Amino acid sequence: MTHELKTGGDRGYLRIATEEAFATAEQLDAIMRLVKEGRADKGTVSLWGFYGTSASERTTFIRERLLDLGPLRIAAMDEAGIDKAVLALTSPGTQSMHDPEEARRIARNANDHLKDACERYPDRFHGMIAIAPLDPEWSAEELRRGKEELGFHGVQVNSHTHGHYLDEAQFDPILRACADLDLPLYIHPQGLPDDMIGDMANAGLDGAVYGFAVETSYHALRLLTTGVFDRYPSLQLVLGHGAEGLPFWIDRTNYMFNAGVRSQRYDRLKPLQHSLHHYLRHNVWGTTSGLPSPASIRLMMEVMGEDRVMYAMDYPYQYVPDEVRLLDTMDMGEAQKRKFFQANAETLFKL
Ligand code: MN
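Residues numbered from 1 in each chain as written. Predicted model: local features only at pLDDT ≥ 70, side-chain atom pairs only at ≥ 80, totals over all residues. Heavy atoms only, no water.

The three strands lie next to each other as β1-β2-β3, forming an open sheet whose pairing is parallel. Because the sheet does not close on itself, it has two edges, and the strands there are β1 (16-22) and β3 (125-127). On average, each strand axis in the sheet is tilted by 35° relative to the strand beside it, whichever way the strands run. For strand β2 (residues 84-89) and β3, the ladder comprises three bridges, and the chain directions are parallel. Across the sheet, residue alanine 85 finds its bridge partner in β3, namely phenylalanine 125. (Pairing = 2+ DSSP bridges. Helix = DSSP H or I, 4+ residues; strand = E, 2+ residues; numbered from the N terminus. Axes fitted to C-alpha atoms, helices over the stretch in contact; angles between N-to-C directions.)

The next point concerns the nonpolar core. As a rule of thumb, soluble globular proteins bury nonpolar side chains together. Among the nonpolar cores identified, the biggest contains 95 residues, and Trp48, Leu143, Leu185, Leu224, Leu237, Tyr311 and Phe340 are the most heavily contacted of them. With seven residues, the single largest contributor to this core is helix α5 (residues 100-120). Each residue touching leucine 237, except ones within four places of it in the same chain, is listed here: Leu185, Ile187, Ala220, Leu223, Leu224, Phe229, Asn283, Val284 and Trp285. Counting residues in each nonpolar core, the second largest holds 11 residues, with Val86, Ala88, Val238 and Leu348 among its members. (Core = buried A, V, L, I, M, F, W, Y, C linked by side-chain atoms within 4.5 Å. Buried < 20%, exposed > 50% of the residue type's maximum accessible area, 1.4 Å probe, protein only. Contact = heavy atoms within 4.5 Å.)

The next point concerns the pairing of strand β7 (residues 284-287). Residues in a regular strand point their side chains to alternate faces of the sheet. Every second residue of β7 is oriented toward a common face, with Val284 and Gly286 on one face and Trp285 and Thr287 on the other, all of them buried. Bridging between strand β6 (residues 237-239) and β7 involves three bridges; their strand directions are parallel. Bridge pairing in β7 places leucine 237 opposite valine 284. As paired strands, β7 and strand β8 (residues 309-310) are joined by two bridges and run parallel to one another. Residue glycine 286 lies in a different strand from β8, and its bridge partner there is valine 309. For the segment spanning β7, helix α14 (residues 294-304) and β8, crossover handedness is right-handed. (Right-handed = clockwise from strand over helix to strand, strands pointing away.)

Along helix α4 (residues 71-80), the residues classified as buried are Arg73, Ile74, Ala76, Met77 and Ala80. Each buried residue of α4 sits inside an arc of 160° when the element is viewed along its axis, so together they form one side. Residues of α4 that are exposed and point over 90 degrees away from its buried face: Pro71 and Glu79. The elements touched by buried residues of α4 are β1, α3 (57-66), β2, β3 and α15 (321-328). Following α4 by one or two positions, glycine 81 has its phi on the positive side, about 70°. (Arc of directions from axis to C-beta.)

For the rest of this paragraph, the subject is the pairing of β1. In terms of residue burial, β1 counts as a mostly covered element, since seven of its seven residues are buried. Two elements, β1 and β2, share five bridges in a ladder whose sense is parallel. Looking across to β2, one finds that isoleucine 16 is bridged to lysine 84.

Another point: helix α16 (residues 334-349). Here α16 is 16 residues long and its end C-alpha atoms lie 22 Å apart, about the 22 Å a rise of 1.5 Å per residue gives. At phenylalanine 340, α16 shows its largest kink, close to 55°. Of the residues making up α16, those classed as buried are Lys337, Phe340, Phe341, Gln342, Ala343, Asn344, Ala345, Leu348 and Phe349. Lysine 350 sits one or two residues past α16 and shows a positive phi near 55°. (Expected span 1.5 Å × (residues − 1). Bend = angle between axes of the 7 residues up to and from the residue.)

The next point concerns the packing of aromatic side chains. What the rule picks out here adds up to 13 aromatic pairs. Geometrically, the ring pair formed by tyrosine 121 and phenylalanine 125 is tilted, given 5.1 Å between the ring centres and 55° between the ring planes. What makes tyrosine 121 partly exposed here is its relative accessible area of 22%. For the ring pair tyrosine 311 and phenylalanine 340, a centre distance of 6.1 Å and an interplane angle of 70° mean the geometry is edge-to-face. (Phe/Tyr/Trp six-rings, centres within 6.5 Å; stacked < 30°, edge-to-face > 60°.)

This is the structure:
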């Protein structure tokens, strides 16, 4: 052990964890009902069929901790030296639901529940808004309520909604509200859509192990390559898990995207105002949830800029206090480290 982990800034920075999950009992009950009745997407069956029922030590810990927005979570944060958590309703949020009224109710109640917790721990908890993408117009209104009445700092969308993606015209009210309200849009993974999961579940690779990054980076690239950020130049997208690998791939993606546009290979691909690199440096932020790797962090900073990379723990799914020690001691200037752990999150989320 290199050093004791303390909150309060003893190393010159506060630590803000930016992708931290909670659940409501109402949400988990609704998801498990869909799983049990055979009405859930395959990805939800794979994910929540496991997390919702397994008696293993890890899943029991996760279920208990997801439902807690009180002393257990604060103690875990204290033990890991995490000063503040930016909290979001856990994946898939309301996006497994088929009934818009149920999705709206669960999102609204989760937002009110999180608001209460943020009021109990104003120095420790900050909220992100849950929405119901099944109903984009209502979601846009909930974004306004979340920002103006609840004082929340962004929105988490758990990637696809029954295989549909935010670049589709039906979701435009959500993108427009994020841009108008200056709310960061965090796209977080969920179980893969039925027409993508294919054999990945049989291979045991559909979840956070691999499939999540495939599907969520695909979602982000759909936004980038269809000109969403030309339409909404101020819109800010946040991606976890090392920006879902995009910084590593971006040169090849950009080259082949431009080649495809020039040859008019696909109707959907049109010239953009900028290179894909530009959008990574002006519209995308990356967090380290589940990927506490100094090499990945250096690559993200080089490609995206050191002002766009933030710490996240992904509590309670990957609660590893030792990763904080590792990142405290990574080879990086003090000012840069302060941006990474504290200042960038304060800037983006207006904390
Ligand atoms: Mn997560």
